[in-house]
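# Results of the structural survey
These are the residues of each chain, in order.
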Amino acid sequence: MKVQTEKVTWSDLHKAEFKKPYFKALKAFLTEQKKAGKIIYPPSQDFFKAFELSPFDKTKVIIIGQDPYHGPGQSQGLSFSVPKGVKIPPSLQNIYKELYQDLGLKKPSHGNLEAWAKQGVLLLNSTLSVEAKSPTSHTGQGWETFTDNMIKALSEKKEHLVFLLWGKFAQSKAPLIDESKHLILKAAHPSPFSAHQGFLGCQHFSQTNAYLLKKAQTPINWEIT
């Protein structure tokens, strides 16, 4: 008789973290920021949007960013993504260039990557909030512990995931991942400062789909319509 394995959900994993001292300290920090009149991005209801759109059991690909966009209207809780109607940021412009070079996909007219998230691409920033006009301002407050633990849970509890680590910061997360079970693809960051140092031409999108097909999984439709 086959043993029924317990289903893992983000909700259960998150609840366990919320009880820990570090997360209570993080919550207190965010409350103080709000009381001080600081503008925080994204809106608090979008802090966990990446997890909401890509459930644990559906997640197949993880793209790790550093922290949210810090300009008005840009951040929506997904790494590299911006809402429709917002100017496409330079890093995402280069991601689209690589999509064209790798798969021949034409540049989309907007920067909303929700279509990827809904297919199981976890667009995860390491830090899930930021003060307006102040990049990395919420670094070191506890978010990294939270997201590192989510990466570890994915690595431990799942098989045959693809981790796209673009840039030194994302690559610093590699030790959290069991490379005997998962595929790690590394390249330079798509920022204009580094995209020509190995991001453009990396072919990560086609490599991701080749691996998923090899492991009998549905490939990602990378086209943004």
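This structure is a prediction, so every number in the text was calculated from the model and none was measured. (Residues numbered from 1 in each chain as written. Predicted model: local features only at pLDDT ≥ 70, side-chain atom pairs only at ≥ 80, totals over all residues. Heavy atoms only, no water.)

### Describing the overall build of the protein
A tally of regular secondary structure across the protein gives 8 helices and 6 strands. Order of helices (α) and strands (β) in the protein, N terminus to C terminus: α-α-β-α-β-α-α-β-β-α-β-α-β-α. Its C-alpha radius of gyration of 17 Å places the protein within 12% of the 17 Å reference for a compact globule of 225 residues. With respect to the principal axes defined by its C-alpha atoms, the protein has extents near 55 × 50 × 30 Å. A total of 225 residues make up the protein; the buried ones form 53% of that total. Counting only contacts in the protein whose residues sit at least 6 apart along the sequence, the fraction spanning at least 24 positions is 68%. Positive and negative side-chain charges of the protein, numbering 29 and 19 respectively, have mean locations separated by a distance of 3 Å. (Helix = DSSP H or I, 4+ residues; strand = E, 2+ residues; numbered from the N terminus. Rg over C-alpha atoms; globule rule 2.2 N^0.38 Å. Buried < 20%, exposed > 50% of the residue type's maximum accessible area, 1.4 Å probe, protein only. Contact = heavy atoms within 4.5 Å. Lys, Arg positive; Asp, Glu negative; His and termini not counted. Charge placed at Lys NZ, Arg CZ, Asp CG, Glu CD.)

### Considerations on the sheet that holds strand 5 (residues 162-166)
If you trace the 4 strands from one edge of the open sheet to the other, you get 3-2-5-6, paired in parallel fashion. The sheet terminates laterally at strand 3 (121-125) and strand 6 (183-187), the two strands that pair on one side only. The sheet shows a mean angle of 20 degrees between the axes of neighbouring strands, direction not considered. Of the strand pairs in this sheet, strand 2 (residues 61-65) and strand 5 are connected by 3 bridges, and their pairing is parallel. Among the inter-strand pairings, Val61 is bridged to a residue of strand 5, identified as Val162. (Pairing = 2+ DSSP bridges. Axes fitted to C-alpha atoms, helices over the stretch in contact; angles between N-to-C directions.)

### Points about the side chain of Gln33
The residue Gln33 is located in helix 2 (residues 21-35) in this model. In this structure Gln33 comes out as buried when scored by relative accessible area, which is 12%. Residues contacting Gln33, with those up to four places away along its chain left out, are Lys38, Ile40, Glu131 and His138.

### Let's talk about the pairing of strand 5
Within strand 5, 5 of the 5 residues are buried, which leaves it mostly tucked inside the rest of the structure. Burial along strand 5 is two-sided: Val162, Leu164 and Trp166 and Phe163 and Leu165, pointing in opposite directions, are all buried. One ladder, built from 5 bridges, connects strand 5 with strand 6; its direction is parallel. Each residue of the ladder has a partner; that of Phe163, found in strand 6, is Ile184.

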